[in-house]
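An overview of the molecular structure
Chain residues, written in single-letter form:
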Amino acid sequence: MLLSKIIAVIALSGGEAGGGSPLDVNPGLILWTIVTFILLMVILKKAAWKPILNSLSERELFIKDSLEKAEKARLDAEKLIQDNKSAMLHAEKEAQNLIEQTREYAEKLKSQLLDESKAQSAKMIEDAKAEIERKNQEAFVKLKNQVAEIAVDAAEKIIRTNLDKEKQVGIVNKYLDELQKN
Amino acid sequence: MTTLDTLHTAADSLKTAVATKTQDTGWIMHHILDSRELDFPPFGVIHLPEIHLFGIDFSITKHLVFIWIAVIILSFFLIRAAKSYKKSKVPKGFNNVLEVLIVFVRDEIARPTIGKGFERFLPYLLTVFFFILTANFIGLVPYTATSTSNISVTAALALISFGVIQVGGMMKNGVFGYFRGLIPHGIPSWLLPIMIVVELLGLFTKPFALAIRLFANMTAGHIVIMALIGLIFILRTYFVVPVSISFALFIYLLEILVALIQAYIFTMLSSLFIGMAVHQEH
């Protein structure tokens, strides 16, 4: 009772000042506000917050996914490049090896051919020498035989003409002349 | 609540003041207080219907009209934004602003203060943030009133916040567990009676502070603007006009900042209290 009287007095004094105080509480307005606010919350929850928050989180997920995918693609590409590089390196090494091998083979072939031809020419020279030697021998033997024949001929003639001294000397001189001519 | 209509009323009250040979401050209160009519100074007055139900005055008042306007504006823009998300995931134009605010409330307010399970409270926190923000900004438009500078409105918001805090705590910890969790662990038993009283009082002081803070902040700026404009009529000289107008303009710009900050603070503290009620172990 006393409290309500005090409140009434305060309200009245406020009313005199200018129609009320800013601290006046209006229960009707409180209820109106609560009802309005709760209605607003219910409507917005259904029509706005749920779809907006859902699509926001969906989008965040999408972005996260995309980033992860991009990262994965980047790693894949890097790996591919690495692979390519190593394959290229390998191929280059192979090619180098092949060239080296070929060169070695060529070198070997060259030296072999050279050796072979050298040996062949040496053999040919050797053969030619032997042939010359043989021919020489042959010629020498022929000459020896001829000389022997001539000697025998000469001896024969000497013996035949041995009858007279004069003739003997004449024959010898004649033969010597013949020899000289030859 | 702008300079223009303030000047109009100030001039009106000056006339009456001159007529009655008094200098009253009623015209300031006229702007701050709720009323049963919408004032559009040079054009006229719209009288709002009076409703009485169950012995309570349910009359539609000026501030209630602007609450409803805020609700309509909010619903329009937010539902439009929600529809645009159905078409494409990339927001355009004004929806970008809304998205920034929504993400801000979600990632800077709800997530760090409530932690696990914050999604359940997001609709409430988002609604209260956007509602207070819109109501505050509407108060800065000419020919309007700031509904959040009415203590009944802020008390209603605080009551809802109180309900959400308590229900949130009880849903997580159970009714009994929630009340037991209010009292910190390891307290000597002879302190219990005091602690129970203190903690119960604490439950009610939190929303009370919420209500008073929002009300006081939104009222103060307007009173300061009125008082600065009123200087012209109190001092009865034109020389004070540049000072009054520039100071009033400065306060007006400050009000824009305050409108944002108060919406943030109310949401932040509600979220913090919800977090404390839900995770009592901290």
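Cut-offs and rules
Residues numbered from 1 in each chain as written. Chains lettered and ligands numbered in written order. Predicted model: local features only at pLDDT ≥ 70, side-chain atom pairs only at ≥ 80, totals over all residues. Heavy atoms only, no water. Helix = DSSP H or I, 4+ residues; strand = E, 2+ residues; numbered from the N terminus. Buried < 20%, exposed > 50% of the residue type's maximum accessible area, 1.4 Å probe, protein only. Contact = heavy atoms within 4.5 Å. Areas by Shrake-Rupley, 256 points an atom, 1.4 Å probe, with all protein chains shown as cover. 1 Å grid on protein atoms, 1.4 Å probe; cavity = no way out; pocket = protein on both sides within 12 Å on 5 of 7 lines; lining within 4 Å. Points joined across faces, edges and corners; volume = space filled by probe spheres on them. Nonpolar A, V, L, I, M, F, W, Y, C, P; charged D, E, K, R; others polar. Phe/Tyr/Trp six-rings, centres within 6.5 Å; stacked < 30°, edge-to-face > 60°. Buried area = accessible area lost by both parts, 1.4 Å probe. Salt bridge = Lys/Arg side-chain N within 4 Å of Asp/Glu carboxyl O. Polar contact = N/O pair within 3.5 Å; in protein donor to acceptor, adjacent residues only side chain to side chain. Pairing = 2+ DSSP bridges. Patch = residues over 30% accessible without salt bridge, like charges linked within 9 Å, V, L, I, M, F, W, Y side chains within 5 Å. Lys, Arg positive; Asp, Glu negative; His and termini not counted. Charge placed at Lys NZ, Arg CZ, Asp CG, Glu CD. pLDDT = per-residue confidence, 0-100. Core = buried A, V, L, I, M, F, W, Y, C linked by side-chain atoms within 4.5 Å.

Looking only at helices and strands, one finds 9 helices and 4 strands in chain B. In chain B, the succession of α and β elements from N to C terminus is α-α-β-β-β-β-α-α-α-α-α-α-α. Here chain B, with 282 residues, has 48% of them falling under the buried criterion. Intrachain contacts of chain B at a sequence separation of at least 6 include 71% that bridge at least 24 residues. When the accessible surface of chain B is split by element, carbon and sulfur atoms take 74% of a total near 14,100 Å².

The next thing to look at is the layout of surface pockets. There is about 360 Å³ of room inside the second largest pocket. Residue lining of the second largest pocket: 21 residues in total, with Asp24(A), Asn26(A), Asp34(B), Ser35(B) and Asn150(B) positioned closest to the centre. By residue class, the composition of the lining of the second largest pocket is 7 nonpolar, 10 polar and 4 charged.

Attention shifts here to the packing of aromatic side chains. This structure, assessed with the given rule, holds 9 aromatic pairs over all chains. On the numbers, 6.1 Å between centres and 70 degrees between planes, the contact of Phe37(A) with Tyr124(B) is edge-to-face. Taken together, the residues span two chains, with Phe37(A) in helix H2 (residues 27–160) and Tyr124(B) in helix H5 (residues 122–138). An identical accessibility class is assigned to Phe37(A) and Tyr124(B); each is buried.

This part is about the interface of chain B and chain A. Taken together, the contacts link 47 residues of chain B with 35 residues of chain A. Of the roughly 3,600 Å² buried between chain B and chain A on both sides combined, carbon and sulfur atoms contribute 79%. There are 2 salt bridges connecting chain B and chain A. Note that Arg106(B) is salt-bridged to Glu60(A), the shortest N-O span being 2.6 Å. At the surface where chain B touches chain A, the tally comes to 4 residue pairs in polar contact (both at pLDDT 80 or more).

Residues and elements named next belong to chain B. Bridging between strand S1 (residues 37–40) and strand S2 (residues 44–47) involves 4 bridges; their strand directions are antiparallel. Along S2, the bridge assignment pairs aspartate 39 with valine 45. What sits between S1 and S2 in their antiparallel hairpin is a turn of 3 residues.

Considering all chains together, one arrives at 9 salt bridges over all chains under this definition. In this structure, the salt-bridge partner of Arg59(A) is Glu99(B), at a minimum N-O distance of 2.4 Å. Of this pair, Arg59(A) sits in helix H2 while Glu99(B) sits in helix H4 (residues 94–114), on two different chains. The closest approach of N and O atoms between Lys135(A) and Glu131(A), which form a salt bridge, is 3.9 Å. Of the two residues, Lys135(A) and Glu131(A) both sit in helix H2, 4 residues apart, roughly one turn of that helix. On the basis of relative accessibility, which here comes to 49%, the residue Lys135(A) falls in the partly exposed class. One salt-bridge network, in which partners are shared between bridges, spans Glu60(A), Arg106(B), Asp107(B) and Arg111(B).

This part is about a positive patch on the surface. Residues and elements named next belong to chain B. A cluster of basic residues, Lys83, Lys86, Lys87 and Lys92, forms a positive patch on the protein surface. Among the secondary structure elements, lysine 87 is positioned in helix H3 (residues 62–87). When its relative accessible area of 77% is taken as the criterion, lysine 87 is described as exposed.

For the rest of this paragraph, the subject is the side chain of Arg59(A). The class for Arg59(A) is buried, based on a relative accessible area of 16%. In contact with Arg59(A), other than residues within four places in its own chain, are Tyr85(B), Lys89(B), Val90(B), Pro91(B) and Glu99(B).

Residue and element names in this part refer to chain A. Chain-level statistics for chain A give a pLDDT mean of 83 and a share of 87% at 70 or above. The spread of mean pLDDT over the elements of chain A runs between helix H1 (residues 2–18), the lowest at 46, and H2, the highest at 90. Confidence drops under pLDDT 50 across residues 8–18; counting only partners more than four residues distant or on other chains, this segment forms 5 contacts.

Right, let's get into the nonpolar core. Ranked by internal contacts, the top residues of the largest apolar core, which has 72 residues, are Tyr124(B), Phe130(B), Phe131(B) and Ile274(B). Sorting the residues of this core by element identifies H2 of chain A together with H3, H4, H5, helix H6 (151–173), helix H7 (175–182), helix H8 (192–235) and helix H9 (241–278) of chain B as the ones contributing at least two each. Ranked by residues supplied to this core, first place goes to H2(A) with 12 residues. In contact with Tyr124(B), not counting residues within four places along its chain, are Phe37(A), Met41(A), Leu157(B), Ile160(B), Ser161(B), Val164(B), Phe266(B), Ser270(B) and Ile274(B). Within the second largest apolar cluster, 8 residues are counted, among which are Leu228(B), Ile232(B), Val240(B) and Ala248(B).

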